[in-house]
Amino acid sequence: MKHKSVAPTPPMGWNSWDCYGASVTEDEIKGNADYIAKNLKQYGWEYVVVDIQWYEPTANSSHYHPFTSLTMDQYSRLMPSENRFPSARNGQGFKPLGDYIHDLGLKFGLHMMRGIPRQAVHNQTSILGTEATAKDIAHPNSICPWNTDMYGVDVTKEGAQQYYNSLFQLYASWGVDFVKVDDIAASRLYDTHLDEIELIRNAIDQCGRQMVLSLSPGPAPLEYAEHFKANANMWRMTDDFWDQWSLLYQMFERCEKWEKHVEPGLWPDCDMLPLGHLGIRSVDGPGGDRWTRFTKDEQLTMMTLWSIFRSPLMFGGELRDNNEWTLSLLTNEEVLAVNQTSHSNRLLYRRGNKIVWTARGLHDETYLAFFNLSDEPEIIDAALSHLGLFCQKQARDLWEKEDLGLVVQDNVGFLLPPHGSKLIKIN
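Residues numbered from 1 in each chain as written. Predicted model: local features only at pLDDT ≥ 70, side-chain atom pairs only at ≥ 80, totals over all residues. Heavy atoms only, no water.

Even after reading the chapter, I still don't get helix α9 (residues 245–258), so can you show me in this structure?
Owing to its 3.6 residues per turn, the α-helix aligns residues three or four sequence positions apart on the same side. An ideal rise of 1.5 Å per residue puts 20 Å on 14 residues; α9 measures up with 20 Å between its terminal C-alpha atoms. All of the buried residues along α9 are Trp245, Leu248, Met251, Phe252, Cys255 and Trp258. (Helix = DSSP H or I, 4+ residues; strand = E, 2+ residues; numbered from the N terminus. Expected span 1.5 Å × (residues − 1). Buried < 20%, exposed > 50% of the residue type's maximum accessible area, 1.4 Å probe, protein only.)

Here you go:
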C-alpha cells in the first residue's frame with residue numbers, strides 16, 4: 001500500500017465547510033491560508049481545503065440549490081466558478097490559488113463529489129481520453145440523497161476509469177495535495193461505493209502527483225475497514241460532526257471500535273473540529289452564525305480524544321476570528337505531539353462514563369488521557385501497574401504544561417468536572 005507514505009502522520013489543516021458551507025470565496029480561502037502560515041504552520045498545520053460546490057456560481061450558504069447550473073469544461077469536469085474564484089479565469093482553474101497556497105509553504109486541498117455531473121450526462125458531453133460520453137458511463141440510479149449535482153459512475157462501462165483519470169490529471173495540474181471525496185464512504189441509499197473508491201485510487205496512482213485521499217461521509221462501515229485501508233488515507237467514522245455534546249459523547253464509542261485500525265498513513269477520521277467562529281453562512285449546523293457551543297471543558301475533551309486516538313485534525317472555524325483561547329488549543333506542542341508521534345494508542349478501560357486511554361511516545365514515555373463523560377464531577381483513575389510501570393515516575397500535565405511531580409503510588413487519578421478531561425505524560 002504505497003499510498004500509506006503520503007500521510008505518515010495524521011493530516012492537520014483547515015476546511016471551509018463549518019464556517020462557509022458551500023459558498024466559500026477565493027478571498028476567504030487566501031485569508032485563512034495567510035493565518036495558518038503566520039500562526040499555525042510552525043506547529044504542523046499545513047492543509048487548506050476548499051469544501052463542496054466551488055463550481056456552483058449561486059452558492060450562498062450550506063443550503064444546496066437543486067439542479068442548478070454548474071461551471072464545467074468541455075470534458076465533463078467541474079471547474080471553479082469565476083465569480084467566487086476570480087483567478088480561475090481563462091481556463092486556469094485552481095492553479096493560481098494552489099500556487100498561492102504553496103508559496104506560503106502550505107498544501108492545497110479540494111472537495112469533490114463521487115460521480116459525474118448530471119448536466120454533463122444530460123448534454124452528452126465528452127470525456128478526455130475516450131470516445132465514451134458522460135451519458136455512456138453514468139449510473140442514473142446511483143445518486144446522492146442530499147445533493148443533486150452528480151450521477152454515480154458505472155464502473156463496468158468503458159470510459160469510467162478514463163473519466164476519473166482525467167479528473168485527477170486536472171487536479172494534479174492545479175497542484176492539489178489533498179482530496180476529500182464525498183458521498184462515497186457511506187450512503188443512506190446504497191451502502192459504501194467500493195468500486196468507485198478503487199477507480200479513484202487508480203486515478204490518483206496514475207496522475208503523477210501524490211495526494212492524500214479522504215473519504216466522506218460517515219459513519220464508514222467497520223466491515224469495510226480493510227478496503228478503506230487498501231485505498232484511502234482517511235475515512236470518516238461519523239456523519240457531519242458539530243458542536244453538540246451528544247455527538248462528542250458518541251465519538252468515544254466510535255474510537256473504541258476503530259482503534260485497532262489506526263496506523264501510519266491510515267487514519268480513521270473523527271471529522272472536523274467545530275471550534276471558534278462557526279456557521280457564518282451555514283444553515284445545516286446547530287445555531288447558525290455563532291461561536292462554538294462546546295464549553296471550554298468540552299473543547300479540551302474533544303482535542304484530547306482526537307489527539308490520543310490520532311485522528312486527523314481539521315479546524316472548521318474562521319481562523320482570522322480566533323481568540324487567545326481558541327488559538328491556544330491549536331498551538332500546544334505537547335498535546336500535538338501525542339497526535340503526531342505517539343503509538344500503541346488504545347482504550348485502557350471504560351466503566352460507564354469513566355474512560356481512560358493510553359499511548360506510548362517516541363522516547364518510551366506513557367501518555368494517559370482521563371475522561372469524565374458524566375454530568376457530575378467524578379474521580380477518574382488508573383493503575384500504573386496495568387501499564388507495566390512499577391517504579392517511581394515523573395508526571396506532567398500536557399494542557400497546563402505543568403510538572404505534577406513524582407508519582408509514588410500505583411494509582412493515579414483526578415477529580416474531573418462534568419464533560420472534562422486530563423492528559424498527562426509519565427516518564
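Got a minute to help me understand the sheet that holds strand β18 (residues 366–372) in this structure?
Picture the strands of a sheet paired through backbone hydrogen bonds; they go either parallel or antiparallel. Spatial strand order, β16-β17-β18-β23-β20-β21: six strands in an open sheet with antiparallel pairing. If you trace the sheet from one side to the other, it starts and ends with β16 (343–351) and β21 (402–407), each paired once. Across the sheet, the mean angle separating the axes of adjacent strands is 20 degrees when strand polarity is ignored. Where strand β17 (residues 354–360) lies against β18, seven bridges are found, and the strand directions are antiparallel. From the neighbouring strand, Ala359 faces β18, where its bridge partner is Tyr367. Along the sheet, α9 contacts β16, β17 and β18; its crossing angle with β16, the most-contacted strand, is approximately 125 degrees. Of the strands in this sheet, β16, β17, β18 and β23 (421–426) touch helix α10 (residues 296–309), which is tilted by about 140 degrees from β18. (Pairing = 2+ DSSP bridges. Axes fitted to C-alpha atoms, helices over the stretch in contact; angles between N-to-C directions. Contact = heavy atoms within 4.5 Å.)

Please explain the sheet that holds strand β8 (residues 150–153) as it appears in this structure.
As summarised here, the arrangement of the three strands in space is β4-β8-β7, forming an open sheet in which the pairing is antiparallel. Both outer strands of the open sheet, β4 (116–117) and β7 (138–143), are each paired with one neighbouring strand and no more. Two elements, β7 and β8, share three bridges in a ladder whose sense is antiparallel. The residue of β8 that forms the bridge with Ala138 is Val153. Each of β4 and β8 touches helix α6 (residues 160–174); the most contacted strand, β8, lies at about 120 degrees to it.

Can you walk me through the state of the cysteines in this structure?
Should the sulfur atoms of two cysteines be covalently bonded, the bond is a disulfide. Following the criterion strictly, the structure yields zero disulfides and no others. We note that Cys255 lacks a disulfide partner, and the nearest cysteine sulfur, in Cys270, lies 3.7 Å from it. (Disulfide = S-S within 2.5 Å.)

Just checking my understanding: could you explain the nonpolar core for this structure?
As a rule of thumb, nonpolar side chains are buried together in soluble globular proteins. Core analysis: the largest hydrophobic core is formed by 124 residues, its most contacted members being Phe168 and Tyr171. A per-element tally of this core places α6 first, with nine residues. When residues of this core are sorted by domain, at least three fall in each of domain 1 (3–341) and domain 2 (346–426). Contacts of Phe168, omitting those with residues within four sequence positions, involve Met112, Val179, Ile200, Ala203, Ile204, Cys207 and Met211. Counting residues in hydrophobic clusters, the runner-up holds 16 residues, among them Tyr349, Val356, Ile380 and Val407. (Core = buried A, V, L, I, M, F, W, Y, C linked by side-chain atoms within 4.5 Å. Domains from an automatic or database assignment.)

Before we go on, may I ask you to explain the environment of Lys30 in this structure?
For Lys30, the position within the fold is in helix α2 (residues 26–40). The exposure class assigned to Lys30 is partly exposed, which follows from its relative accessible area of 22%. Excluding residues within four positions of it along the chain, Lys30 makes contact with Leu97 and Tyr100.

Hey, could you run me through the pairing of β17 in this one?
Of all seven residues making up β17, five are buried, and the element is well covered by its neighbours. Inspection of the sheet shows β16 paired to β17 by six bridges, in the antiparallel sense. Residue pairing across strands places Tyr349 opposite Val356, the latter belonging to β17. In this structure, the hairpin formed by β17 and β18 is closed by a connection of five residues, where Asp364 is found at a positive phi of approximately 70 degrees.

I keep staring at the domain arrangement of the protein chain and nothing clicks. Help me out?
Quoted interface sizes are often the accessible area lost when the parts come together. On domain assignment, one finds that the protein chain holds domain 1 (3–341) and domain 2 (346–426). Put simply, the middle of domain 1 and the middle of domain 2, counted by C-alpha atoms, are 34 Å apart. Contacts between the two partners involve 25 residues from domain 1, matched on the other side by 23 residues from domain 2. Of the roughly 2300 Å² buried at the junction of domain 1 and domain 2 (both faces included), carbon and sulfur atoms supply 65%. The tally of links from domain 1 across to domain 2 stands at two salt bridges. Across the pair Glu333 and Lys401 runs a salt bridge whose closest N-O atoms are separated by 3.1 Å. (Buried area = accessible area lost by both parts, 1.4 Å probe. Salt bridge = Lys/Arg side-chain N within 4 Å of Asp/Glu carboxyl O.)

Would you mind showing me how to read the packing of aromatic side chains here?
Within the structure shown, the criterion is met by 21 aromatic pairs. Seen from their ring centres, Tyr47 and Phe178 are 5.3 Å apart, and the 50 degrees between their planes marks the pair as tilted. In this pair, Tyr47 is assigned in strand β2 (residues 47–50) and Phe178 in strand β9 (residues 178–182), connecting sequence segments 131 residues apart. Relative accessible area serves as the criterion here: at 3%, Tyr47 is assigned to the buried category. An aromatic cluster is defined as three or more aromatic residues linked by ring pairs; in this entry it consists of Trp54, Tyr55, Phe85, Phe94, Phe108, Phe168, Tyr171 and Trp174. A cation over an aromatic ring shows up here: Arg351 above the ring of Tyr349, its NZ or CZ 3.7 Å from the ring centre. (Phe/Tyr/Trp six-rings, centres within 6.5 Å; stacked < 30°, edge-to-face > 60°. Lys NZ or Arg CZ within 6 Å of the ring centre and 35° of its normal.)

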